[in-house]
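# Inside the fold
Chain by chain, the residues run as shown.
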Amino acid sequence: MTEAPGILHLLAFAAEPGGGNPAGVVLDATALVEADMRRIATDLGYPETAYVVARHGRRLRVRYFSPEAEVPFCGHATIATAVALAEAEGPGEFVFETVAGDVAVSAVDDDGRVTAGFTSVEPAVRDFPDAAPLLALLGLGADDLDPRMPLAEAFAGNWHPVVAVRSLDVFDGFGFDPVAMRALMRERGWPGTVTVVHVPGAVADGAVVEVRNLFPVGDITEDPATGSAAAALGAYLRERAGLAAPFHVTVRQGRHIGWPSILEVDVPEAGGIRVSGTAVPLAR
């Protein structure tokens, strides 16, 4: 494994010890070329690694790489980077210049524990006219879908299809072919994840949303915690599920793969979606 100087190993959004989503963070990547960043991300094998490639004060240019490719934006690696910056320099406000656009980021010290949040770029939601290939890959039929939450695609840095299922048994039990899923994601231009959700109670302010984010990259099949998808989900709930903003929802993710995670999502009446959580060192 590559152990270039300055690589930090963090878990973002951990719900409990052993949970969260691993991220690599390089706070000074000015000496790295793209080939270096790709190689390090591949060697680490984490869902994403974040690189600070330029900086002017608290305005930073950040790039994100999965083990296979660069992605426009990554939420959990943003949280990890913000926590790392706060621990090195003190809490405060930052702006991350990403391929997806400028992202406002903040970190606060809450009695010795650093928490961070980001406000996404301007989100968007669009119709999902041909979901049949995706539903077939998931083994889902029309009766499995939650009529309160129609199929759509949502964007808050990356485009994510959103599929809501009505039954917890179906949510827990579906499977998919990772190779076929990756091929469909490339074809449809989904650089992030496929988002499958289940809301056990009312779709309302304060709801707890169970989420599985499918991310077949390298040895990974599901993402433990996906900040960009949580932001996109917030936009989707505002635009397509009839929730009156502002509202807050809690996303629970990662239990299916043994990395339980919690993401807090705050949705204003308009504009970017705020996603917040913690990051802790990854024991290695």
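Note that the coordinates shown come from a computational prediction; the quantities given were computed from them, not determined experimentally.

The rules behind the values
- Residues numbered from 1 in each chain as written.
- Predicted model: local features only at pLDDT ≥ 70, side-chain atom pairs only at ≥ 80, totals over all residues.
- Heavy atoms only, no water.
- Pairing = 2+ DSSP bridges.
- Helix = DSSP H or I, 4+ residues; strand = E, 2+ residues; numbered from the N terminus.
- Right-handed = clockwise from strand over helix to strand, strands pointing away.
- 1 Å grid on protein atoms, 1.4 Å probe; cavity = no way out; pocket = protein on both sides within 12 Å on 5 of 7 lines; lining within 4 Å.
- Points joined across faces, edges and corners; volume = space filled by probe spheres on them.
- Nonpolar A, V, L, I, M, F, W, Y, C, P; charged D, E, K, R; others polar.
- Salt bridge = Lys/Arg side-chain N within 4 Å of Asp/Glu carboxyl O.
- Phe/Tyr/Trp six-rings, centres within 6.5 Å; stacked < 30°, edge-to-face > 60°.
- Buried < 20%, exposed > 50% of the residue type's maximum accessible area, 1.4 Å probe, protein only.

Next up on the list: the pairing of strand 3 (residues 48–56). Judged from the four bridges that link them, strand 2 (residues 21–26) and strand 3 form a sheet pairing that is parallel. Paired with Ala23 across the two strands is Glu48, which belongs to strand 3. Assessed by its sense of winding, the connection that carries the chain from strand 2 through helix 1 (residues 34–44) to strand 3 is right-handed. Two strands pair when backbone bridges link them, and strand 3 and strand 4 (residues 59–65) are joined in this way by seven bridges, in the antiparallel orientation. Bridging from a neighbouring strand, His56 pairs with Arg59 of strand 4.

Time to look at the layout of surface pockets. Considered as a void within the structure, the largest pocket measures approximately 230 Å³ in volume. As for the largest pocket, its lining consists of 14 residues, of which Pro22, Gly45, Pro47, Ile220 and Trp259 are closest to the centre. Top element by residues in the lining of the largest pocket is strand 14 (residues 220–223). It accounts for three residues. Tallied by class, residues from the lining of the largest pocket come to nine nonpolar, three polar and two charged.

This part is about the pattern of salt bridges. Evaluated as defined, the whole model comprises 17 salt bridges. Across the salt bridge formed by Glu34 and Arg63, the nearest N and O atoms sit 2.8 Å from each other. Here Arg63 lies in strand 4 and Glu34 lies in helix 1, a separation of 29 residues in the sequence. Its salt-bridge partner being Glu210, residue Arg255 comes within 3.3 Å of it at the nearest N-O pair. Of this pair, Arg255 sits in the loop between strand 15 (247–253) and strand 16 (261–267) while Glu210 sits in strand 13 (residues 208–217), placing them 45 residues apart in sequence. Salt bridges here are not isolated pairs; linked through shared partners, they connect Glu34, Arg38, Arg63 and Glu70.

As a further point, take the packing of aromatic side chains. Within the structure shown, the criterion is met by five aromatic pairs. Between the aromatic rings of Phe128 and Trp190, the centroid separation amounts to 5.8 Å while the plane-to-plane angle is 85°, which identifies the pairing as edge-to-face. With Phe128 in the loop between strand 9 (124–127) and helix 3 (132–138) and Trp190 in the loop between helix 5 (178–188) and strand 12 (194–198), this pair connects stretches of sequence that are 62 residues apart. Each member of the pair, Phe128 as well as Trp190, is classed as buried. By the ring-pair criterion, three or more aromatic residues cluster together here, those being Tyr64, Phe73 and Phe118.

What follows deals with unusual backbone geometry. Cis rather than trans, the peptide bond between Ala245 and Pro246 has omega equal to 5°. Relative to the assigned elements, Pro246 resides in the loop between helix 6 (227–240) and strand 15.

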